[in-house]
Amino acid sequence: MNFEILNKTLSAKNIYECKNVQYLVRELIEFRDIDISLLNVVAGVDLSYKGDIGICVLVVFDFKTMDILEQVVTVSKVSFPYIPGFLAFREVPLIVDSINRLSVNVDLFIVDGQGVAHPRRAGIATHLGVILEKPTVGCAKSLLYGCYIDPLNELNATTDLVDPVTNEVIGKVIRTKVSTKPIFVSVGNYINLEKSVEIVKRLTFNGKYRIPLPTFIADKLSKEERKKVIL
DNA sequence: GCGACAG
DNA sequence: ATCTTGTCGC
């Protein structure tokens, strides 16, 4: 765990300080060609809100059998507002809190949001991956940054997500389910784009889900937990 | 100034 | 993310 970045993330108070943290995060990104056959445990994270109370749910799966191994719920007031480009400063505190209460070791995290498909390459998946020093994949339901051509309306059709400034490929747009909006996949940390795409395709089970199953389940549970929260 | 804008 | 009814399509 990179406590240096975590502490700076927790104490950043304005956009200027947040951007400086993101520049530090960017320098720590590592693209790795991981071996998917060695992946045993994956987790999905998602949050829902009731006013400024955040409900974070982390669900851990056995990657091979897709059995749920563990789940953690964290309910807490969030202190940072939602500002496009700075989602990590709002949600990472609750996510790290949830991870600290986990008893099993997780090999990879699927995060609801962008990874390097971000103007400073520091989307929430990347930010979290740098703090945890673990592989993370960014999987967002809509676009934050970049240019792309809509993929064909066919199962798992993909197109490149390109940075309009540098022309780098920063992610992939994938039609994980026919006749639905595509999703935006990008590297979080300690993985490369090819393996990220492969994992997301596996976790959407040939068009059964638009988003990865771990994310789908975490989303469902966080919405259920939200009903229990009193304002 | 104008438009774009994860959850 | 949340609010919020009916409705279109597989």
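These numbers come from a predicted model, not from an experiment. Residue positions are given per chain, counting from 1 as you read along its sequence in written order. The lettering of chains begins at A and the numbering of ligands begins at 1, in the order of writing. Reporting in this predicted model follows two pLDDT cut-offs: at least 70 for local features of residues, and 80 or more for side-chain atom pairs to be given and counted; totals over whole chains, interfaces and linings ignore these cut-offs and use all residues. Side-chain measures here rest on the full set of heavy atoms in the structure, leaving out hydrogens and waters.

Peer 1: Help me get a handle on the protein's contact with DNA strand B, residues and values and all.
Peer 2: Looking at DNA strand B, there are 17 residues lining it, with Tyr82, Gly85, Lys141, Ser142 and Leu143 nearest. We call a residue near a molecule or strand whenever a single non-hydrogen atom of that residue lies within 4 Å of it. Those atoms of DNA strand B that come within 4 Å of the protein belong to sugar or phosphate at a rate of 48%. For this analysis, a polar contact is any N or O atom pair within 3.5 Å, provided that within protein one partner can donate a hydrogen and the other can accept it, and provided that sequence-adjacent residues contribute only side-chain to side-chain pairs. One nitrogen or oxygen atom from the side chain of Tyr82 is found 2.5 Å from a phosphate oxygen belonging to DNA strand B. In the model, a base nitrogen of DNA strand B is placed 3.1 Å from a nitrogen or oxygen of the Phe86 main chain. All amino acids are sorted into three groups, where Ala, Val, Leu, Ile, Met, Phe, Trp, Tyr, Cys and Pro are nonpolar, Asp, Glu, Lys and Arg are charged, and the leftover types, Gly among them, are polar. When its residues are assigned to classes, the surface near DNA strand B shows eight nonpolar, six polar and three charged.

Peer 1: An account of the protein's contact with DNA strand C is requested, with residue identities and associated values reported.
Peer 2: As a structural note, the neighbourhood of DNA strand C is formed by Ser48, Tyr49, Lys141, Lys223 and Arg226. Per the 4 Å cut-off to the protein, sugar and phosphate atoms form 100% of the nearby atoms of DNA strand C. Between a phosphate oxygen of DNA strand C and a side-chain N or O atom of Arg226, the distance comes to 3.2 Å. Strands here mean DSSP runs of E at least two residues long; helices mean DSSP runs of H or I at least four residues long; both are numbered from the N terminus. Of all the secondary structure elements, the ones that give two or more residues to the surface near DNA strand C are strand S1 (41-50) and helix H6 (213-228). Here the residues of the surface near DNA strand C are counted per class, giving one nonpolar, one polar and three charged.

Peer 1: Lay out the side chain of Gln114 in plain terms, naming residues and giving numbers.
Peer 2: Tracing the backbone shows Gln114 in the loop between strand S4 (108-111) and helix H4 (124-132). Separated by 2.9 Å, the side chain of Gln114 and the backbone oxygen of Ser142 make a polar contact. Not counting the four nearest positions on each side in its chain, Gln114 is found in contact with Gly123, Ile124, Ala125, Thr126, Gly138, Ala140, Ser142, Leu143, Leu144, Phe184 and Ser186. Contacts are assigned to residue pairs that have any heavy atoms within 4.5 Å of one another.

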